[in-house]
Amino acid sequence: MKSRIKYFIIALLSFLSITSVAQITNAANSLGFRWVSNTATVQNNTASYYYSFLGAAQDYNNNTDLVINTSGAANIIAWEGSYGDTGWLGLASPYANGNPCGCGWDVNRANFAYIYFNTYYGTPGNLNHRARHELGHVFGLDHQTCAVSSVMQPTQSNCQNAPTYIQPDEVNWINYYY
């Protein structure tokens, strides 16, 4: 009888640990894609966002396990332009092997991305927040509500005091997965 209870407890704990990991993965990255490695090289083709985007790359580079280079063959390229009345101020567009990402979590990870900053609406708000926000999307971070102190608060949500630097929870998430 004791051995049956022992095996039941071991089986139950195994099941719970697997389920917990799956729930953490799904909750933390509902974007459904992940960058191919902890290394990337950025190319900055912006004017209004030039220093903000370089600062975002430096922020992720200095505070996470990511290694983001600013010279060499780029696999994350930032652009700005007037893209019209789209409803978005910034857009991260990841690719896997030349195809727009329907990238999976464990297979076919994103290995290239464009980041677009839409100047149609001017450059309202905090450019540092927006640059870190879009770069966060490239590495799998999803939107957060205003209740969470995060650069992943949507830039059009009118959240009060949106942070301009990546926050400890974002650092921990990135370091856990990369």
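Below or above, wherever it landed, is the structure these notes cover. Only a predicted model underlies this, so the values are computations on that prediction, with no experimental measurement involved.

Quick word on the side chain of Ser-150
Then, number 1: Among the structural elements, Ser-150 can be located in the loop between helix H3 (127-138) and helix H4 (168-177).
Then, number 2: By relative accessible area, Ser-150 is classed as buried at 3%.
Then, number 3: A distance of 2.8 Å separates a polar atom in the side chain of Ser-150 from the backbone nitrogen of Met-152.
Then, number 4: Residues contacting Ser-150, with those up to four places away along its chain left out, are His-129, Gln-144, Pro-163, Gln-167 and Glu-170.

A look at the pattern of salt bridges
Then, number 1: For the structure on display, the rule yields one salt bridge.
Then, number 2: Ionic pairing is found between Arg-132 and Asp-59, a salt bridge with its closest N-O pair at 2.8 Å. In this pair, Arg-132 is assigned in helix H3 and Asp-59 in helix H2 (residues 50-63), connecting sequence segments 73 residues apart. Comparing Arg-132 with Asp-59, the two get one shared label, buried.

Details of the sheet that holds strand E6 (residues 112-118)
Then, number 1: Strand order in the open sheet formed by six strands is E2-E1-E3-E6-E4-E5, and the pairing between neighbours is mixed. What marks the edges here is a single partner per strand, and that holds for strand E2 (67-69) and strand E5 (99-100).
Then, number 2: Note: strand E1 (residues 39-45) against E2, three bridges, orientation parallel. Bridge assignment links Thr-41 to a residue of E2, and that residue is Asn-69.
Then, number 3: Sitting on the sheet, H2 touches E1, E2, strand E3 (76-81) and E6, and the angle it makes with E1 is about 170 degrees.

Examining the packing of H2 against H3
Then, number 1: Two elements in contact, H2 and H3, have axes separated by 8 Å at closest approach and are oriented at 55 degrees. As the angle between them shows, H2 and H3 are arranged oblique. The chirality of how H2 crosses H3 is right-handed. Residue-level contacts link Ser-52, Phe-53, Gly-55, Ala-56, Ala-57, Asp-59 and Tyr-60 of H2 to Leu-127, Asn-128, Ala-131, Arg-132, Leu-135 and Gly-136 of H3.
Then, number 2: Here the residues of the contact of H2 with H3 are counted per class, giving seven nonpolar, four polar and two charged.

Parameters at a glance
Residues numbered from 1 in each chain as written. Predicted model: local features only at pLDDT ≥ 70, side-chain atom pairs only at ≥ 80, totals over all residues. Heavy atoms only, no water. Helix = DSSP H or I, 4+ residues; strand = E, 2+ residues; numbered from the N terminus. Buried < 20%, exposed > 50% of the residue type's maximum accessible area, 1.4 Å probe, protein only. Polar contact = N/O pair within 3.5 Å; in protein donor to acceptor, adjacent residues only side chain to side chain. Contact = heavy atoms within 4.5 Å. Salt bridge = Lys/Arg side-chain N within 4 Å of Asp/Glu carboxyl O. Pairing = 2+ DSSP bridges. Axes fitted to C-alpha atoms, helices over the stretch in contact; angles between N-to-C directions. Parallel < 35°, antiparallel > 145°, perpendicular 65-115°, else oblique. Left-handed = near helix turned anticlockwise from the far one by under 90°. Nonpolar A, V, L, I, M, F, W, Y, C, P; charged D, E, K, R; others polar.

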